[in-house]
Amino acid sequence: MRFDALAAVALAPLVAGHGAVTSYIIGGTTYPGFTGFSPDSSPETIQFQWPDYNPTMEVSDAKMRCNGGTSADLSAPVEAGQNVTAVWSQWTHAQGPVMVWMYKCDGDFGSSCTGEGQGWFKIDQMGLFGSDPNSEDWGTGIVLKTLEWSSKVPSNLAPGNYLIRHELLALHQANTPQFYAECAQVVVSGSGTAAPPSDKLYSIPTYAPQDDPGIMVDIYQGGLTSYTCPGGDVWEGFE
Ligand SMILES: *[C@@H]1O[C@H](CO)[C@@H](O)[C@H](O)[C@H]1NC(C)=O
Ligand SMILES: [Cu+2]
C-alpha cells in the first residue's frame, strides 16, 4: 500500500495479510506461515517471525533479509525437485518482480543459521514478462491474481538445512522501491551435489546497490519496455 503504516493503523483487520506469506505448501502439506501483529501468541511456524508490515525501502536495511524476523521454531521437509508454494492471504501491488532465494546453513537452524554472509542464491524469479511495465505483466501481478507463487527446489541441489526467502519488490511508485521479504526453514533431501559458484552468491542485505536500474526505476517513464531483476540470474547449473 502506498502509506502502509497509516493503513495498518486505520485498517488493521483488512491489512492483516499485507506482505505476508501466510502459508507454504510443500509436497501436499500446508505449513502455516506468520500472520503478524501477535508475535507473542503466534504458534510455532517454519517462518521467521517479523515485527511489522511496513515495506523495506532500502536495499541496505537489515530488514531486507527476512523482514527483520528471527529464526523459526520449525522446519519443513522438501525433496530436491519438489515445489515450494508460498501463499499470501492478501497482496496489493501488480508491478515488480518476484524473486525466490535460498541459503544453505552450515549446520543446524537457529542462531547458527541467520542468513549471514555471502550465501544467498536465487532459485526462481520473474520480472516483467510483457513489454508494458504499466501493466500487470509482472511476477507480482501474478501474485496479485493468484495469491501464490510456486518454485521448484532444484533437483540437483545438495541436501541440507536451508532458508528459503520469498521477495516481492513493488515498483508501483516511481523511484520508491518497496521490498517485502520473508524467510522460512526447509530441510532439503536428495542425492544432488549442486551448490552455486561464488558469483551467484549474494549477501542480504545489500545484494545490489540502491541505484540498481531494477530497484530505482520509474516504470512509467516513456520507452521502458524491458526490465532486469536486481541480484542476477538463477544459476544455470541448477536442474
Ligand atoms: C513448480 O514450480 C515451477 C516453477 O519453478 C512451475 O513452473 C510449475 O508449474 C510448478 N508446478 C506445480 C505443480 O505447481
Ligand atoms: Cu503496500
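These lines cover the structure that appears in this document, whether it is placed above or below. Note that the structure is a prediction, hence the values are computed from the model and not measured.

1. Quick notes on the overall build of the protein chain
(1) Moving on: Scanning the protein chain for helices and strands turns up two helices and ten strands.
(2) Moving on: Taken across its 239 residues, the protein chain has 54% of its residues classed as buried.
(3) Moving on: In the protein chain, once contacts between residues fewer than 6 apart in sequence are set aside, the share between residues at least 24 apart is 75%.
(4) Moving on: In the structure as shown, the protein chain presents an accessible area of about 10000 Å², 52% of it carried by carbon and sulfur atoms.

2. Structural notes on the environment of Cys113
(1) Moving on: On the secondary structure map, Cys113 appears in the loop between strand 5 (98-104) and strand 6 (118-126).
(2) Moving on: Residue contacts for Cys113: discarding those within four places in its chain leaves Phe48, Ser71, Tyr103, Cys105, Asp108 and Leu163.

3. Quick word on the packing of aromatic side chains
(1) Moving on: Under the defined criterion, the tally for this structure stands at ten aromatic pairs.
(2) Moving on: Judged by centre distance (4.9 Å) and plane angle (80 degrees), the ring pair of Phe34 and Trp50 falls under edge-to-face. Taken together, the residues Phe34 in the loop between strand 2 (29-32) and strand 3 (76-79) and Trp50 in the loop between strand 2 and strand 3 connect sequence positions 16 residues apart. For the residue pair Phe34 and Trp50, the accessibility class agrees, reading buried in each case.
(3) Moving on: Seen in terms of ring centroids, Trp138 and Tyr227 are 4.9 Å apart; in terms of plane orientation they differ by 70 degrees. Their pairing is edge-to-face.

4. Observations concerning the sheet that holds strand 7 (residues 148-152)
(1) Moving on: In space, the four strands of this open sheet follow the order 2-1-4-7, with antiparallel pairing throughout. Strands with a single pairing partner mark the edges of an open sheet, and in this sheet they are strand 2 and strand 7. Across the sheet, the axes of successive neighbouring strands diverge by a mean angle of 20 degrees, strand direction being ignored.
(2) Moving on: One ladder, built from five bridges, connects strand 4 (residues 83-88) with strand 7; its direction is antiparallel. Looking at strand 7, one finds that Val84 is bridged to Ser151.
(3) Moving on: Its contacts with the sheet put helix 2 (residues 139-146) on strand 4 and strand 7, and the angle it makes with strand 7 is roughly 120 degrees.

Conventions used here
- Along each chain, residues carry numbers from 1 onward, in the same order as the chain's sequence is written.
- Whichever chain is written first becomes A and whichever ligand is written first becomes 1, with later ones labelled in order.
- Since the coordinates come from a predicted model, pLDDT governs what is reported: local features require at least 70, and pairs of side-chain atoms require 80 or more to be given and counted, while whole-chain, interface and lining totals use all residues.
- In computing side-chain properties, one takes all heavy atoms of the structure into account and sets aside hydrogens as well as water.
- The numbering of helices and of strands both runs from the N terminus, where a helix is a DSSP run of H or I of at least 4 residues and a strand a run of E of at least 2.
- Three exposure classes are used, based on accessible area relative to the maximum for each residue type with a 1.4 Å probe and protein chains only: buried under 20%, partly exposed in between, and exposed over 50%.
- The contact definition used throughout considers only heavy atoms, calling two residues in contact when any of these lie within 4.5 Å.
- Only the protein chains shown count as covering a residue, and every accessible area follows the Shrake-Rupley method with a 1.4 Å probe.
- Think of it this way: a Phe, Tyr or Trp ring, Trp meaning its six-membered ring, pairs with another when their centres are within 6.5 Å, and the plane angle makes it stacked under 30 degrees, edge-to-face over 60, tilted otherwise.
- Criterion used throughout: strands pair if DSSP finds at least two bridges between them.
- All axes here are fitted lines through C-alpha atoms, helices being fitted over the stretch that makes contact, and every angle between N-to-C directions spans 0 to 180 degrees.

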